[in-house]
Amino acid sequence: MRQRPPAESNFTADGVTVADLREKLSSLQVVAAKNPETSRQLSSEFGQRVARDYAGLMQRIEADYRITFYATQQGEMINDLVMVADSDTTYTVIQVLGLFTASDIQNITKSRNP
């Protein structure tokens with residue numbers, strides 16, 4: 001049985017307070033490749049899947065990497081959010097399943113702004 005963090009949990013990751021999303025979150029998966037060759041392979045394979053199954057939401061370019069957000073929707077609700085952080089040497093995919101509003105996603109993307 002999956003356990004949720006306690007309501008009073010104040011765990012924060014990159015400015016996003018997990019407690020704010022915990023009731024909406026059903027699954028979280030992270031895949032990271034830090035070897036350049038593995039990163040290229042993951043990027044190629046995952047890129048094909050994303051292009052086929054997801055709609056692009058937005059892209060942010062930071063100093064040394066690019067963050068791209070993709071999603072699938074059920075009506076007005078986003079039920080599958082994928083965040084890809086890509087650099088010359090690393091490739092990270094974070095998949096978040098649940099039911100989120102556009103406002104929830106905006107809060108996640110704004111959390112990285114200084």
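Residues numbered from 1 in each chain as written. Predicted model: local features only at pLDDT ≥ 70, side-chain atom pairs only at ≥ 80, totals over all residues. Heavy atoms only, no water.

**What about the sheet that holds strand 5 (residues 66-74)?**
Logical step 1: With antiparallel pairing, the five strands of this open sheet are ordered in space as 3-7-6-5-4. Two strands bound the open sheet, and with one partner strand each, they are strand 3 (25-33) and strand 4 (55-61). Adjacent strand axes in the sheet meet at a mean angle of 15 degrees, parallel and antiparallel pairs treated alike.
Logical step 2: Summarising the sheet, strand 4 and strand 5 pair through six bridges and their orientation is antiparallel. Note that in strand 5 the partner of Ile61 across the bridge is Arg66.
Logical step 3: Of the strands in this sheet, strand 3, strand 5, strand 6 (77-86) and strand 7 (91-100) touch helix 2 (residues 36-53), which is tilted by about 30 degrees from strand 7. (Pairing = 2+ DSSP bridges. Helix = DSSP H or I, 4+ residues; strand = E, 2+ residues; numbered from the N terminus. Axes fitted to C-alpha atoms, helices over the stretch in contact; angles between N-to-C directions. Contact = heavy atoms within 4.5 Å.)

**Here we look at the nonpolar core**
Logical step 1: Counting 10 residues, the largest nonpolar core consists of Leu21, Ile67, Phe69, Ala71, Ile78, Leu81, Met83, Val96, Phe100 and Ile105.
Logical step 2: For this core, the secondary-structure elements that each account for two or more residues are strand 5, strand 6 and strand 7.
Logical step 3: In terms of nonpolar packing, the next biggest core, distinct from the first, is built from nine residues, Val50, Tyr54, Tyr91 and Val93 among them. (Core = buried A, V, L, I, M, F, W, Y, C linked by side-chain atoms within 4.5 Å. Buried < 20%, exposed > 50% of the residue type's maximum accessible area, 1.4 Å probe, protein only.)

**Points about the pairing of strand 6**
Logical step 1: With seven of its 10 residues buried, strand 6 lies for the most part within the structure.
Logical step 2: Linking two consecutive strands that pair antiparallel, namely strand 5 and strand 6, is a turn of two residues; a positive phi of about 65 degrees is found at Gly75 within it.
Logical step 3: Relative to strand 7, strand 6 runs antiparallel, the two sharing eight bridges. Each bridged residue has a counterpart across the sheet, and for Met83 the counterpart in strand 7 is Ile94.
Logical step 4: With antiparallel pairing between neighbouring strands as the criterion, strand 6 and strand 7 make up a hairpin whose turn holds four residues.

**Observations concerning the pattern of salt bridges**
Logical step 1: Within this structure, the stated rule accounts for five salt bridges.
Logical step 2: Asp53 is the salt-bridge partner of Arg49, the closest N and O atoms lying 3.9 Å from each other. With Arg49 and Asp53 both in helix 2 and four residues apart, this pair spans about one turn of that helix.
Logical step 3: Overall, Arg49 belongs to the partly exposed group, its relative accessible area being 32%.
Logical step 4: The exposure class of Asp53 is partly exposed, given its relative accessible area of 35%.
Logical step 5: Put simply, Arg52 and Asp53 hold a salt bridge, and the shortest N to O gap is 3.1 Å.
Logical step 6: On the accessibility criterion, Arg52 (61% relative accessible area) is exposed.
Logical step 7: One continuous salt-bridge network, built from bridges that share partners, spans Arg49, Arg52 and Asp53. (Salt bridge = Lys/Arg side-chain N within 4 Å of Asp/Glu carboxyl O.)

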